[in-house]
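Structural description and commentary
Residues per chain are reported as follows:
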Amino acid sequence: MAHTYDPQNIFARILRGEIPNKTVLETQHTLAFHDINPAAPVHVLVIPKGPYVTFDHFAADASAEEIVDFHRTAASVCAMLGIAAGDGYRAITNAGVHGMQEVPHYHLHILGGRVLGRLVERA
Ligand code: 5GP
């Protein structure tokens with residue numbers, strides 16, 4: 001899959017402050033904010049500030065500092081929202097056409113607050 005980054009994608013615009021967001025946590029390399037159309041009582045998106053399109057792009061090309069910061073921030077979000085030590089959650093990421101990714105800036109969905117059902121429907 002090509003990793004050509006579109007700097008006009010909606011999360012790039014959020015990172016530039018052109019579009020508001022409901023921030024949960026922000027660090028040097030990472031932003032976590034509430035999804036605008038939540039699919040569960042807890043639905044937070046964690047994004048790196050760097051221009052990465054998908055999980056594999058981020059994992060392959062980001063610096064170790066960015067990768068650690070991203071995951072530590074995701075862990076802090078789980079703790080802050082009370083789902084890590086509580087009833088649990090799901091962390092998922094979509095990539096490309098088969099993953100039905102809508103926004104071409106890598107993001108981790110953190111979902112919780114209800115039983116979430118099976119991961120994927122069987123075809
Ligand atoms: P994807 O399908 O790419 O994995 O998920 C994109 C997510 O971004 C969706 O859950 C959608 O609701 C969310 N989203 C799209 N536009 C905005 C926005 O402008 N603000 C916020 N907070 N979330 C958005």
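Look up: the structure comes first, before these words.
Below or above, wherever it landed, is the structure these notes cover. Bear in mind that the values here come from a model prediction, so they are computed numbers and not experimental data. (Residues numbered from 1 in each chain as written. Predicted model: local features only at pLDDT ≥ 70, side-chain atom pairs only at ≥ 80, totals over all residues. Heavy atoms only, no water.)

Digging into the site of the ligand
Lining the immediate surroundings of the ligand are 17 residues, of which D35, N94, E102, H107 and H109 lie closest. Here an oxygen atom of the ligand sits 2.5 Å away from a polar atom, N or O, in the side chain of D35. Take V103: an N or O atom from its main chain is 2.9 Å from an oxygen atom of the ligand. Against a free-state accessible area of 520 Å², the protein chains account for coverage of 86% of the ligand. Elements that contribute at least two residues to the shell around the ligand include exactly α1 (10–15), β2 (30–34) and β3 (42–48). A per-element tally of the shell around the ligand places α1 first, with 3 residues. Among the residues forming the shell around the ligand, the class breakdown is 8 nonpolar, 7 polar and 2 charged. (Near = heavy atom within 4 Å. Polar contact = N/O pair within 3.5 Å; in protein donor to acceptor, adjacent residues only side chain to side chain. Areas by Shrake-Rupley, 256 points an atom, 1.4 Å probe, with all protein chains shown as cover. Helix = DSSP H or I, 4+ residues; strand = E, 2+ residues; numbered from the N terminus. Nonpolar A, V, L, I, M, F, W, Y, C, P; charged D, E, K, R; others polar.)

Observations concerning the packing of aromatic side chains
The description of an aromatic ring pair uses the distance of the two centres, along with the angle that the planes make with each other. Counted by the stated rule, this structure contains 6 aromatic pairs. Seen in terms of ring centroids, F11 and F33 are 5.5 Å apart; in terms of plane orientation they differ by 80 degrees. Their pairing is edge-to-face. With F11 in helix α1 and F33 in strand β2, the pair connects residues that are 22 residues apart, well separated along the chain. Accessibility expressed as a relative area gives 6% for F11, which makes it buried. (Phe/Tyr/Trp six-rings, centres within 6.5 Å; stacked < 30°, edge-to-face > 60°. Buried < 20%, exposed > 50% of the residue type's maximum accessible area, 1.4 Å probe, protein only.)

Description of the environment of Y89
Locating Y89 in the fold gives a position in strand β4 (residues 89–92). The spatial distance from the C-alpha of Y89 to the C-alpha of G112 is 4.4 Å, given a sequence separation of 23 residues. Setting aside its immediate chain neighbours within four residues, Y89 contacts C78, I83, A84, I110, L111, G112 and L116. (Contact = heavy atoms within 4.5 Å.)

Regarding the sheet that holds β3
The 5 strands are arranged β1-β2-β3-β5-β4 in an open sheet whose pairing can be described as antiparallel. This sheet does not close on itself; its edge strands, each paired only once, are β1 (23–26) and β4. When the angles between neighbouring strand axes are averaged without regard to direction, this sheet yields 15 degrees. Alignment of β4 against strand β5 (residues 108–112), held across 4 bridges, turns out to be antiparallel. Residue pairing for β5: I92 is matched across the bridge by H109. (Pairing = 2+ DSSP bridges. Axes fitted to C-alpha atoms, helices over the stretch in contact; angles between N-to-C directions.)

Description of the side chain of T30
Counting through the fold element by element, T30 comes out in strand β2. Judged by relative accessible area, which is 0%, T30 ranks as buried.

Overview of unusual backbone geometry
A positive phi angle, close to 55 degrees, is found at M100, a residue other than glycine. With respect to the secondary-structure elements, M100 resides in the loop between β4 and β5.

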